[in-house]
Amino acid sequence: MEKYEPKNIEKKWQKYWEDNGTYKDYSRDKKFYVLDMFPYPSGVGLHVGHPKGYIATDVTARFKMLNGFSVLHPMGWDAFGLPAENYAIKNKSNPNVFTARSIANYKRQLEMFGFTYDWDREINTTDPAYCKWTQWIFLKLFEKGLAYESNAPINWCPSCKTGLSNEDLEDGKCERCGSVVEQKQMRQWVLKMTDYADRLLYDLDSPQLEWEDMIVEQQKNWIGRSEGVQFAMQIESSDEKIEVYTTRIDTAFGITYAVVAPEHEIIEKLKENISNLDEVKKYIEDANKKTNLERTELQKEKTGVRLEGILVVNPFTGKSVPLFVADYVLGGYGTGAVMAVPAHDERDFEFAKKYNLEIKEVVSGGSIFENAFTDDGILINSDGYSNLSSSEAREKIADYLEKEKIGKRKVNYKMRDWVYSRQRYWGEPIPIIHCENCGAVGVPEKDLPVTLPEVENYEPTGTGESPLASISDWVNTTCPKCGRLGKRETNTMPQWGGSSWYYLRYIDPKNDKVIIDKDLEKQWMPVDLYVGGAEHATRHLLYARFWHKFLYDIGVVSTIEPFKKLLHVGLIMAEDGRKMSKRWNNVVNPDDIIGEYGADAMRLYEMFMGPFTQSVSWSTTGVSGVRRFLDKIWKVKELVSADISSDKKIVSLLHKTIKKVSDDIENFRFNTAISQMMILVNAMEKESKIAKDDFQSLLIVLAPFAPHVAEELWSGLGNEKSIFLQSWPQFDEKLSRDNEIEMVVQVNGKVRERLMVAADVLEDEVKETALENEKVRVFTDGKEIKKIIFVPGKIINIVVE
RNA sequence: GCCCAAGUGGUGGAAUUGGUAUACACGCACGACUCAAAAUCGUGUGGCGCAAGUCAUAAGAGUUCGAGUCUCUUCUUGGGCACCA
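The structure contained in this document is the topic of the report that follows. (Residues numbered from 1 in each chain as written. Chains lettered and ligands numbered in written order. Predicted model: local features only at pLDDT ≥ 70, side-chain atom pairs only at ≥ 80, totals over all residues. Heavy atoms only, no water.)

### Some details on the overall build of chain A
Step number 1: A tally of helices and strands in chain A yields 27 helices and 36 strands.
Step number 2: When its C-alpha atoms are laid out on the principal axes, chain A stretches across 100 × 85 × 50 Å.
Step number 3: Evaluated residue by residue, chain A yields a buried proportion of 55% over its 801 residues.
Step number 4: Considering only contacts within chain A whose residues lie at least 6 apart along the sequence, 72% involve residues at least 24 apart.
Step number 5: Counting every atom, chain A has about 35800 Å² of accessible surface; 47% of that belongs to carbon and sulfur.
Step number 6: Taken as two groups, the 105 positive and 123 negative side-chain charges of chain A have centres that lie 1 Å from each other. (Helix = DSSP H or I, 4+ residues; strand = E, 2+ residues; numbered from the N terminus. Buried < 20%, exposed > 50% of the residue type's maximum accessible area, 1.4 Å probe, protein only. Contact = heavy atoms within 4.5 Å. Areas by Shrake-Rupley, 256 points an atom, 1.4 Å probe, with all protein chains shown as cover. Lys, Arg positive; Asp, Glu negative; His and termini not counted. Charge placed at Lys NZ, Arg CZ, Asp CG, Glu CD.)

Dropping the structure here:
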């Protein structure tokens, strides 16, 4: 028989599957939608880390097919974005050219793996037919008041020359280029994601969502819900008041001052009364110059300036306290103003120490001369609330505030609205026309998509306008409402726009009439399994959930969540333990690995490396190990005989393997599934004959992992139909049972002997044998036997003395 | 600081409800085949000990007949959030 040579069989079967549409039977009753986070096709191509998730979904897809499901497993391209645009800037060519080339290379690489992707459904976010619907969703958001223009200060990357959302930052730096982000006030489009904060939070616990804890926790933290109260503090001898927000209203009797953020409006309103206005203005100016990074730099000393001449009244004690402006209070959160209780808040404590402010203890339990005591406790110095616990006091004081109408219970979120405009070329144009009479007007649906015009220069302008602004032919248009002169919006959408709904497009990729056909949507949604990198936990996955809920509200989709089960891929690190990167010169190219070991070995190895969600280092010698396993299977085929039955041990091991591989695939434990198959093959190899049926069962179980080898050996046994049109072998409990089992004998929990006994042996018999055993008697003779614990099929433990 | 995940041989890891710790694979050593090498096959491979044994799952305590697994304390690593009142 010929040696196993991957090159001779892989292309052949890939072509066969494609020509025969082996995977494309979408008519079965049971449906399974398995999805990879689609890649950004970069210029350099895939390294061996990228396909890990794709292999896992492919194994799952094939497993589900063999179990009678119609499986939707599509692939596409998230193709807007900076690398293509930067390339275009450098070479003065349309980013389309670069994008198309990168896609072709990615697709070529993915095809080497023999994935089950239905390329008829391939999508590309930059395709005008696709953009049309991304823009359509924006228009719907705009119609419902969920897309609005704002002039609030936002994150600005000075190097990318564009505004960014909070989700686009990493440590106060631009996630793309690493530049320190500045705050810049500019006109921008914002999506009102905070309207969905509660649902984004609570639905994480809905039974429609089975996500890993890690990702769920990250989203919960990001949304950052907090429950507290908001109440007014009156400015002494003035009609003005400031609203403050706190989660620790139980400490209200300990207020010794109050603080507003530098951008707080009260400063402007009270400027007549502030005696040190110049000093205050100087402070605000300096604070505005600081970047987010400088503001939050670790353990940075707190700064602030007292507003001289202003006092605010603590509504609980009636006492007046000073007011400060300080940048440790954030303008964008809560009301931008806080009550300060230095005895029970670390930040206030630090500030009060520095500026010699009073520290008044109102919760007992700490030593407030040294540290702020921030735990709950029993109230003191709090009039009628003294002696209550913190939690009781919070309820009672909140009730009081609501009764007296001074304040109310309030929920706040850390999550902000989504800053949605980018001042760059390579993104979906925002479909809005600005008219002097009518203001911002949506482009009528019939005029979608608004496509990108050709420009001379792709360079960002840095002025807050995108390069589109210089194309007057394109910018100048008529207002769809009044017909007078209008100007197109020149900002474009962020890359996250197109990726927020692409999973719907796969279901119905060619439909130009509606965003999605309702019947098809109901057949496939939600996505049953979604796999991708953990770095998307608070970006893509949050945005997509937000859009999906919006689409649910306007009746486009029928589920409240888009992705039922979510798993993150553990990174593959380089052999040296670092991230694979051109910079370290440690990148391994899948073309080379497949060239040397074959696609099936590559697939098996990545699934065998370790637990799927864990990050592991690449090891090329590890690939040779799974390749040896494939070689062994290839040789075991020589032992196959149609007229015999396999040894009982083999049959039992086969059934154990069927069970284990089935369970393990369902639970994404591919590494142990593969080791079980190795155990079986190691045992088969030692036999002289293997029954054909048994070997065929092994091939079916192997097929999801190593489809080319499985298909080749399957057809070599004379089968005409593809192995992927077979049914998964039935696990038979009876056949999996062993006649004889090993029974461990322990004395006081320590293993002293192992006995081979019949599987159905009686407890008394084992006890008797064990107690008579010489090795056991060494430890039991002359001692009193207190009890004997018997675990059927496993252990007998004799407890002495 | 807060939240999440994890810590087991030389290496990646296994042990699914507390029941044989180190499966499977890599690496290494020795042997067979070979003029030789590669490939392949075989044997061995946690530490200490000639052995019977004994000690080992980050460290320490606890529960239990029995703990890698459960509880508490501490340490370390990775990830996320971070002046969010």
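### Some words on the protein's contact with RNA strand B
Step number 1: Among the 53 residues in the neighbourhood of RNA strand B, the closest are listed as Thr247, Lys302, Arg347, Gln614 and Arg754.
Step number 2: Within 4 Å of the protein, the atoms of RNA strand B are drawn from sugar and phosphate moieties in a proportion of 64%.
Step number 3: Within the side chain of Glu217, an N or O atom sits 3.5 Å from a sugar or linking oxygen of RNA strand B.
Step number 4: At a separation of 2.6 Å, a base oxygen of RNA strand B approaches a polar side-chain atom of Lys660.
Step number 5: Sorting elements by how many residues they give to the surface near RNA strand B places helix α22 (residues 670-685) first, with six residues. (Near = heavy atom within 4 Å. Polar contact = N/O pair within 3.5 Å; in protein donor to acceptor, adjacent residues only side chain to side chain.)

### Overview of the environment of Trp634
Step number 1: Among the secondary structure elements, Trp634 is positioned in helix α20 (residues 620-636).
Step number 2: Separated by 75 residues in the primary sequence, Trp634 and Val709 place their C-alpha atoms 8.1 Å from one another.

### Describing the packing of aromatic side chains
Step number 1: Within the structure shown, the criterion is met by 51 aromatic pairs.
Step number 2: Ring centres 6.2 Å apart and planes at 45° place the aromatic pair Phe316 and Tyr400 in the tilted group. Within this pair, whereas Phe316 is found in the loop between β16 (305-313) and β17 (320-325), its partner Tyr400 is found in helix α12 (residues 390-403), the two being separated by 84 residues in sequence.
Step number 3: Residue class for Tyr400 comes out partly exposed when judged on its relative accessible area of 29%.
Step number 4: Where Trp418 meets Tyr420, the ring centres are 5.0 Å apart and the plane angle is 90°; that geometry is what we call edge-to-face.
Step number 5: We classify Tyr420 as buried; its relative accessible area is 0%.
Step number 6: An aromatic cluster is built from Phe138, Phe142, Trp189, Tyr196, Trp418, Tyr420, Trp496, Tyr543, Phe546 and Trp547, whose rings are joined through pairwise contacts. (Phe/Tyr/Trp six-rings, centres within 6.5 Å; stacked < 30°, edge-to-face > 60°.)

### Focus on the sheet that holds β16
Step number 1: Taken together, four strands build an open sheet; the order of strands is β16-β17-β15-β18 and the sheet is mixed. Unpaired on one side and paired on the other, β16 and β18 (337-340) mark the two borders of the sheet. Going from strand to strand, the sheet's axes swing by 30° on average, the running direction of each strand aside.
Step number 2: Helix-sheet contacts for helix α9 (residues 277-289) involve β16 and β17, and the interaxial angle to β16 is about 105°.
Step number 3: In the packing of helix α11 (residues 346-355) onto the sheet, contacts are made with β15 (257-260), β17 and β18, and the angle to β15 comes to roughly 105°. (Pairing = 2+ DSSP bridges. Axes fitted to C-alpha atoms, helices over the stretch in contact; angles between N-to-C directions.)

### Concerning the pairing of strand β34 (residues 750-758)
Step number 1: Alignment of strand β33 (residues 740-747) against β34, held across eight bridges, turns out to be antiparallel. Each residue of the ladder has a partner; that of Glu742, found in β34, is Met756.
Step number 2: Hairpin geometry of β33 and β34 is characterised by an intervening segment of two residues between the two adjacent antiparallel strands and by a positive phi of about 50° at Asn748.

### Observations concerning the pattern of salt bridges
Step number 1: By the definition in use, this model includes 53 salt bridges.
Step number 2: The partner of Asp591 in a salt bridge is Arg108, and the shortest N-O contact between them spans 2.9 Å. With Asp591 in helix α18 (residues 590-597) and Arg108 in helix α4 (residues 95-112), the pair connects residues that are 483 residues apart, well separated along the chain.
Step number 3: Among the ionic pairs, Arg545 bridges to Glu561, the shortest N-O distance being 2.8 Å. On the criterion of sequence distance, the pair formed by Arg545 in helix α17 (residues 540-553) and Glu561 in the loop between α17 and β28 (563-569) is long-range, its members being 16 residues apart. For the pair formed by Arg545 and Glu561, the shared burial category is buried.
Step number 4: Through salt bridges with shared partners, one network takes in Glu18, Lys24, Asp118, Asp120 and Arg121. (Salt bridge = Lys/Arg side-chain N within 4 Å of Asp/Glu carboxyl O.)

### Some words on the packing of helix α19 (residues 599-608) against helix α24 (residues 707-716)
Helix-helix packing is described using two parameters, namely the angle between the two axes and the distance between the axes.
Step number 1: Close contact between α19 and α24 brings their axes to 7 Å; oriented N to C, the two are set at 125°. Between α19 and α24, the crossing angle belongs to the class labelled oblique. Side by side, α19 and α24 meet where Ala599, Asp600 and Arg603 of the first sit next to Pro707, His708 and Val709 of the second.
Step number 2: For the contact of α19 with α24, the residue count by class is three nonpolar, one polar and two charged. (Parallel < 35°, antiparallel > 145°, perpendicular 65-115°, else oblique. Nonpolar A, V, L, I, M, F, W, Y, C, P; charged D, E, K, R; others polar.)

### Some details on α18
Step number 1: Every buried residue of α18 is listed here: Pro590, Ile593, Ile594 and Tyr597. All buried residues of α18 lie within an arc of 95° about the axis, which places them on one face of the element. Seen from the open side of α18, the exposed residues pointing more than 90 degrees away from its buried face are Asp592 and Glu596.
Step number 2: You can read the cap of α18 off the contacts: a side-chain oxygen lies 2.8 Å from the backbone nitrogen of Asp591, and it is on Asn589.
Step number 3: Downstream of α18 by a residue or two, Gly598 has a phi angle that is positive, lying close to 95°. (Arc of directions from axis to C-beta.)

### Some thoughts on empty space enclosed by the protein
Step number 1: The final tally for this structure, using the stated rule, is one cavity of 30 Å³ or more.
Step number 2: What lines the largest cavity is simply Thr22, Tyr23, Lys24, Asp25, Arg28, Met65, Phe69, Ser70, Val71, Phe724 and Leu725.
Step number 3: Residue composition of the lining of the largest cavity, by class: six nonpolar, two polar and three charged. (1 Å grid on protein atoms, 1.4 Å probe; cavity = no way out; pocket = protein on both sides within 12 Å on 5 of 7 lines; lining within 4 Å. Points joined across faces, edges and corners; volume = space filled by probe spheres on them.)

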